[in-house]
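# Fold and contact review
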Amino acid sequence: MRVLIVEDEPYLAGAIRDGLRLEAIAADIAGDGDTALELLGINVYDLAIIDRDIPGPSGDEVAKSIVASASGIPILMLTAAARLDDKASGFEIGADDYLTKPFEFRELVLRLRALDRRRARNRPPVREIAGLRVDPFRREVYRDGRYIALTRKQFAVLEVLVAAEGGVVSAEELLERAWDENADPFTNAVRITVSALRKRLGQPWLIDTVLGVGYRINAQRDS
């Protein structure tokens, strides 16, 4: 398990990190909102512990960003605000659990493990096709055992294509499912993203363009 600790009190953040390591839980620290967003964009985390009152983008904003990313990372809010209204607002933002300061470290660990078990039951299945292994839970892609780094948008497009199991997916459907509702229907973003994705996956090419129809994974192609 890998956890992101978003906490601006260095002593507390370090104590949590060191304690989690003794529990065989890897942990990174972000002392402000900007660092938290940067780490979330680079690394894959199983859980996030977020203090609401941090410098830069607030803990609430970091939590909203996690929810908007659809990564499914469970969020444990860690804060000194103990009022019911404060907890309610945290849950409304997207928190999965709430722990107020001061707290017992053992309780933190128990809550983290409970969140991880809950998430494990809801993990989407790993899909394999044409030598590709796509893990939606960890946002990882492998081709013939070789890890392939993708951007979030490239991964979203690949997910849709792989789920079609060799069927053709139109550019319109990709735009609808991999972009948001504000996407320009006349944009060439789909073509550009598919082209970049095809190159990332390497040769022999796995994504076919069906002229006038859309795109598909060539399930018959040897990798």
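First things first, this report covers the structure right here in the doc. (Residues numbered from 1 in each chain as written. Predicted model: local features only at pLDDT ≥ 70, side-chain atom pairs only at ≥ 80, totals over all residues. Heavy atoms only, no water.)

## Thoughts on the sheet that holds strand 5 (residues 97-100)
Taken together, five strands build an open sheet; the order of strands is 2-1-3-4-5 and the sheet is parallel. With one partner strand each, in any of the chains shown, strand 2 (26-30) and strand 5 form the two edges of the open sheet. Averaged over all adjacent pairs, the angle separating strand axes in this sheet is 20 degrees, with direction ignored. In the sheet, strand 1 (residues 2-6) pairs with strand 2 via five bridges, with the strands oriented parallel. Paired with valine 6 across the strands is alanine 30, a residue of strand 2. Packed on one face of the sheet, helix 1 (residues 10-22) meets strand 1, strand 2, strand 3 (47-50) and strand 4 (75-79) and runs near 170 degrees to strand 2. (Pairing = 2+ DSSP bridges. Helix = DSSP H or I, 4+ residues; strand = E, 2+ residues; numbered from the N terminus. Axes fitted to C-alpha atoms, helices over the stretch in contact; angles between N-to-C directions. Contact = heavy atoms within 4.5 Å.)

## Focus on the environment of threonine 151
Mapped onto the elements of the fold, threonine 151 is located in the loop between strand 9 (146-148) and helix 6 (152-163). With 45 residues separating them in the primary sequence, threonine 151 and alanine 196 have C-alpha atoms 9.9 Å apart.

## So, unusual backbone geometry
Note that the residue after lysine 101, namely proline 102, is joined by a cis bond; omega there is -10 degrees. If you check the backbone angles, aspartate 144 has positive phi at about 50 degrees while not being a glycine. By the secondary structure assignment, aspartate 144 is in the loop between strand 8 (140-143) and strand 9. Unlike most non-glycine residues, glutamate 165 shows phi in positive territory, near 55 degrees. You can see glutamate 165 is positioned in the loop between helix 6 and helix 7 (171-178). Exposure remark for glutamate 165: the relative accessible area of 58% places this residue in the exposed category. (Buried < 20%, exposed > 50% of the residue type's maximum accessible area, 1.4 Å probe, protein only.)

## Quick word on helix 7
Inspection of helix 7 places Leu174, Leu175 and Ala178 among the buried residues, and these make up the whole buried set. Within helix 7, the buried residues cover an arc of 100 degrees as seen down the axis, which keeps them to one side. Of the exposed residues in helix 7, those oriented more than 90 degrees away from the buried face are Glu172 and Glu176. If you follow the buried residues of helix 7, they end up packed against helix 6, helix 8 (189-201) and strand 11 (214-217). (Arc of directions from axis to C-beta.)

Interpretation note: all reported values are geometric properties and have no functional meaning in isolation.
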